[in-house]
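# Structural overview
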Number of protein chains: 2
Amino acid sequence: MPQSRPRIIPEATVARLAVYLRVLAGLADGGRSHVSSGELASAAGVNPAGLRKDLSYLGPCGVRGVGYSVSGLRDRLTDALGGERSRPCVLIGIGRLGSALADYAGFASRGFEFVGLLDTDPATVGHRVGGLQVRPVQELEALVAETHATIGVITTPAEVAQSVCDRLVSVGVRSILNFAPVALTVPAGVDVRKVDLSVELQVLAFLDQQRDGTPPLLAPLRAAQGVAR
Amino acid sequence: MPQSRPRIIPEATVARLAVYLRVLAGLADGGRSHVSSGELASAAGVNPAGLRKDLSYLGPCGVRGVGYSVSGLRDRLTDALGGERSRPCVLIGIGRLGSALADYAGFASRGFEFVGLLDTDPATVGHRVGGLQVRPVQELEALVAETHATIGVITTPAEVAQSVCDRLVSVGVRSILNFAPVALTVPAGVDVRKVDLSVELQVLAFLDQQRDGTPPLLAPLRAAQGVAR
DNA sequence: GCGACTTTGTTCAGGCGTTCACAAGCGGTT
DNA sequence: AACCGCTTGTGAACGCCTGAACAAAGTCGC
Ligand SMILES: NC(=O)c1ccc[n+]([C@@H]2O[C@H](COP(=O)([O-])OP(=O)(O)OC[C@H]3O[C@@H](n4cnc5c(N)ncnc54)[C@H](O)[C@@H]3O)[C@@H](O)[C@H]2O)c1
Ligand SMILES: NC(=O)c1ccc[n+]([C@@H]2O[C@H](COP(=O)([O-])OP(=O)(O)OC[C@H]3O[C@@H](n4cnc5c(N)ncnc54)[C@H](O)[C@@H]3O)[C@@H](O)[C@H]2O)c1
């Protein structure tokens, strides 16, 4: 009676589970059969105790005194994060960034497959990118209905991102990854994650200034471990 | 005697300040002179009270009963986040993703300027991308010394990311933005921020499954406001 | 078969971040 | 000049997450 699943998993933990899963995939390729929490944590760049806490949300999945079975834990994590089934995605805005994403092989290996590339630019529509032909954005609704895409990725200019988002939501897409520098408004029940590269650079600039300007009162204290977050 | 700065600013707040700054830039272009915390928060996709708390780290910068001066607040934020000075950046790995970043105009407008593009591939070296010529990666050390670059952006394959990172650190770069799916190890005093797109998709997949699988016990409760994080 | 060592799983405390609610302050109006 | 409404700034409570210490448990060696 494996009835220990119903525990809720914090979103921060989910993000780390995805990292562990990738590390485990690498270890499995390398032929390793077992790992300790310490080694896995080091490879993932986190605290060993935190890693064990994260894994404990899935119930016991290691063997005391030995560690974790690489393949066993990988399968468990795969399952917890949504199974192995392929997740069809649509990508809207096939410019420089969109093309890079469409071409990227690293998504397919995790089960994320682009089933539709959409753009308005007549010069772009019709081109093949990453094995797929770019289609006019007018076909968005039909394409989502046809392919049952569940994830929408927005790489259009910021001005049109909200309207694209609205169209995605209207045809049932409830998971959206947004690269445009705007805050999207969506109804409850729809999840949006935003990737904002300018903000990342700006935070680095701030930390840089803080380091040079006020060295005595650096906020907390960085772990001497030297492992980045 | 504007001596109220020494307060420390949480990193989460810094990231939001960068968002506010972008919204303010847009409002200034639109000719607005004042904004209320409510309007600004709505545009940034955050809670109004939280926004005011964020701004309070900079000391009082609004007028009660009126709101915030758009240009005044923008200047204050610009200053807090590292000033207006141009921040020279080097980009290593001019593949699909690297090219997209090098070509992007949105960074320069915030003061981030790429002063060096580096790659190993002989087929890529010499090409012009975004107004800059790609240089062989052997010149990394010389280029950083010459341009005084303070930020390094890594878009190489994961296998070589750590070695590239080490070289950047060895010549004094203390701010690194990493797109490769590995946890970089750096000495104390160096800041690394990681952008992991596979993880973002994986989190969306998890939320999707959670929604369909266990609707009754959704973790906290989503804000009815419908504003995404 | 037993003991000791290794590593997990969990509990506890501390810190951070977020949210709500209210008092203080300013402008406009009478 | 005083009042009223609007908006900021802040204090406090709450919840989440992180980091560390401890006990349970299984394996390996003898
Ligand atoms: N390129 C980067 O490195 C980078 C970095 C940070 C943020 N971004 C953001 O990502 C987004 C895309 O950036 P980019 O550099 O690829 O820009 P881009 O101009 O190269 O590409 C945008 C694409 O969207 C298409 N498009 C425009 N309107 C559309 C619509 N209504 N429906 C469908 N497609 C439409 C355009 O035809 C174009 O192909 C922008 O919002 C940008 O701010 C990009
Ligand atoms: N393209 C995407 O959408 C995407 C998405 C998520 C993550 N990533 C990650 O970003 C990184 C780059 O992705 P990409 O799609 O641009 O790959 P890519 O293969 O197109 O580009 C990588 C570039 O790095 C260069 N390179 C290799 N070794 C180098 C070295 N030692 N020094 C300098 N340059 C070197 C290569 O010549 C190539 O030009 C990868 O780590 C990838 O996992 C990419």
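Here is what the cut-offs are and how they apply
Residues numbered from 1 in each chain as written. Chains lettered and ligands numbered in written order. Predicted model: local features only at pLDDT ≥ 70, side-chain atom pairs only at ≥ 80, totals over all residues. Heavy atoms only, no water. Pairing = 2+ DSSP bridges. Helix = DSSP H or I, 4+ residues; strand = E, 2+ residues; numbered from the N terminus. Near = heavy atom within 4 Å. Polar contact = N/O pair within 3.5 Å; in protein donor to acceptor, adjacent residues only side chain to side chain. Contact = heavy atoms within 4.5 Å. Buried area = accessible area lost by both parts, 1.4 Å probe. Salt bridge = Lys/Arg side-chain N within 4 Å of Asp/Glu carboxyl O. Nonpolar A, V, L, I, M, F, W, Y, C, P; charged D, E, K, R; others polar. Phe/Tyr/Trp six-rings, centres within 6.5 Å; stacked < 30°, edge-to-face > 60°. Buried < 20%, exposed > 50% of the residue type's maximum accessible area, 1.4 Å probe, protein only. Areas by Shrake-Rupley, 256 points an atom, 1.4 Å probe, with all protein chains shown as cover. Least-squares fit on C-alpha atoms with pLDDT ≥ 70 in both. Core = buried A, V, L, I, M, F, W, Y, C linked by side-chain atoms within 4.5 Å. 1 Å grid on protein atoms, 1.4 Å probe; cavity = no way out; pocket = protein on both sides within 12 Å on 5 of 7 lines; lining within 4 Å. Sits in = over half its atoms within 2 Å of the grid points.

### Some remarks on the sheet that holds strand 9 (residues 191-194) of chain A
Adjacent strands of a sheet form backbone hydrogen bonds with each other and so pair up, either parallel or antiparallel. All names here are of chain A. With mixed pairing, 7 strands are arranged side by side in an open sheet as 5-6-4-3-7-8-9. Lying at the two open borders of the sheet, with one neighbouring strand each, are strand 5 (128-129) and strand 9. As paired strands, strand 5 and strand 6 (residues 132-136) are joined by 2 bridges and run antiparallel to one another. Its bridge partner lying in strand 6, Arg128 is registered against Gln133.

### Description of the protein's contact with DNA strand D
What surrounds DNA strand D is a group of 25 residues, the closest being A:Arg16, A:Arg64, B:Ser37, B:Gly62 and B:Tyr68. Backbone atoms, meaning sugar and phosphate, form 67% of the atoms of DNA strand D found within 4 Å of the protein. Between A:Asn47 and DNA strand D, the recorded distance is 3.0 Å, taken from a side-chain N or O atom to a phosphate oxygen. For DNA strand D, a phosphate oxygen lies 2.9 Å from a polar atom in the backbone of B:Cys61.

### Some words on the interface of chain A and chain B
Counting from both sides, the interface comprises 73 residues of chain A and, opposite them, 72 residues of chain B. Counting each side, the surface lost to burial between chain A and chain B is near 6,900 Å², with a carbon and sulfur contribution of 60%. Of all residues in chain A, A:Leu201, A:Gln202 and A:Leu204 give up the largest surface area on contact with chain B, accounting jointly for 10% of the area buried on that side. Counting the contacts that link chain A with chain B gives 8 salt bridges. Between B:Arg193 and A:Glu200 there is a salt bridge; the shortest N-O distance is 2.5 Å. Contributions of two or more residues to the side of chain A that touches chain B are made by helix 1 (11-29), helix 2 (37-44), helix 4 (70-80), helix 5 (96-103), strand 7 (151-154), strand 8 (175-178), strand 9 and helix 8 (197-213) of chain A. Considering each element in turn, the side of chain A that touches chain B owes the most residues, 15 residues, to helix 8 of chain A. Its residues assigned to classes, the side of chain A that touches chain B shows 42 nonpolar, 12 polar and 19 charged.

### Structural notes on the packing of aromatic side chains
Tallying each qualifying case throughout the model produces 4 aromatic pairs over all chains. With a centroid separation of 4.8 Å and an interplanar angle of 80 degrees, the aromatic rings of A:Tyr104 and A:Phe107 are classed as edge-to-face. For A:Tyr104, a relative accessible area of 34% translates into the label partly exposed. On the basis of relative accessible area, A:Phe107 is assigned to the buried category, the value being 4%. Each ring, one from B:Phe107 and one from B:Phe114, has its centre 6.1 Å from the other, and the planes form 80 degrees; the classification is edge-to-face. Site record: aromatic cluster; members linked through ring pairs are A:Tyr104, A:Phe107 and A:Phe114.

### As for the site of ligand 2
Taken together, 23 residues are adjacent to ligand 2, and A:Tyr104, B:Arg96, B:Leu97, B:Asp119 and B:Thr156 come closest. Within the backbone of B:Leu97, a nitrogen or oxygen atom sits 2.9 Å from an oxygen atom of ligand 2. Here a nitrogen atom of ligand 2 sits 3.4 Å away from a polar atom, N or O, in the side chain of B:Thr120. In the complex, the protein chains occlude 84% of the 820 Å² of accessible area that ligand 2 would expose alone.

### Here we look at the side chain of A:Thr13
All names here are of chain A. In this fold, Thr13 is placed in helix 1. Here the side chain of Thr13 touches Asp54 through a polar contact of 3.0 Å, side chain to side chain. Aside from chain neighbours lying at most four places away, what touches Thr13 is Asp54 and Tyr57.

### What to know about the relation of the copies chain A and chain B
When chain A is fitted to chain B, the residual RMSD is 0.1 Å, and the transformation amounts to a turn of 180 degrees plus an axial shift of 0.0 Å. Such a combination of turn and shift is consistent with a two-fold rotation axis. The fraction of interface residues of chain A whose copies in chain B are also interface residues reaches 99%, indicating that both copies meet through the same surface.

### Let's talk about the protein's contact with DNA strand C
Around DNA strand C lies a shell of 24 residues, among which A:Ser37, A:Gly62, A:Tyr68, B:Arg16 and B:Arg64 are the nearest. The contact atoms of DNA strand C, taken as those within 4 Å of the protein, divide so that sugar and phosphate hold 66%. Between a phosphate oxygen of DNA strand C and a main-chain N or O atom of A:Cys61, the distance comes to 3.0 Å. Of all elements in the fold, only helix 3 (48-56) of chain A together with helix 3 (48-56) of chain B reach the threshold of two or more residues within the surface near DNA strand C. The greatest single-element share of the surface near DNA strand C, amounting to 4 residues, is contributed by helix 3 of chain B. Of the residues in the surface near DNA strand C, the class split is 8 nonpolar, 9 polar and 7 charged.

### Let's talk about the nonpolar core
Counting 40 residues, the largest nonpolar core has A:Leu91, A:Leu117, A:Val153, B:Leu91, B:Leu117 and B:Val153 as its most contacted members. With residues up to four places along the chain from it excluded, the contact list for A:Val153 reads A:Val90, A:Leu91, A:Ile92, A:Leu101, A:Phe114, A:Leu177, A:Phe179 and B:Leu201. Membership of the second largest hydrophobic core comes to 29 residues, among which are A:Val203, B:Ala15, B:Ala44 and B:Leu55.

### Some points on the site of ligand 1
Within the structure, ligand 1 sits among 23 residues, and A:Arg96, A:Leu97, A:Asp119, A:Thr156 and B:Tyr104 are positioned closest to it. In this structure ligand 1 sits where residues from chains A and B come together. Taking A:Arg96, its side chain carries an N or O atom lying 2.9 Å from an oxygen atom of ligand 1. With respect to ligand 1, the backbone of B:Ala100 contributes an N or O atom lying 3.3 Å from an oxygen atom. Burial of ligand 1 by the protein chains amounts to 84% of its free accessible area of 820 Å². The cavity where ligand 1 resides is the second largest pocket. Among the secondary structure elements, those contributing two or more residues to the shell around ligand 1 are helix 5 and helix 7 (158-170) of chain A together with helix 5 (96-103) of chain B. Considering only residue class, the shell around ligand 1 consists of 15 nonpolar, 5 polar and 3 charged.

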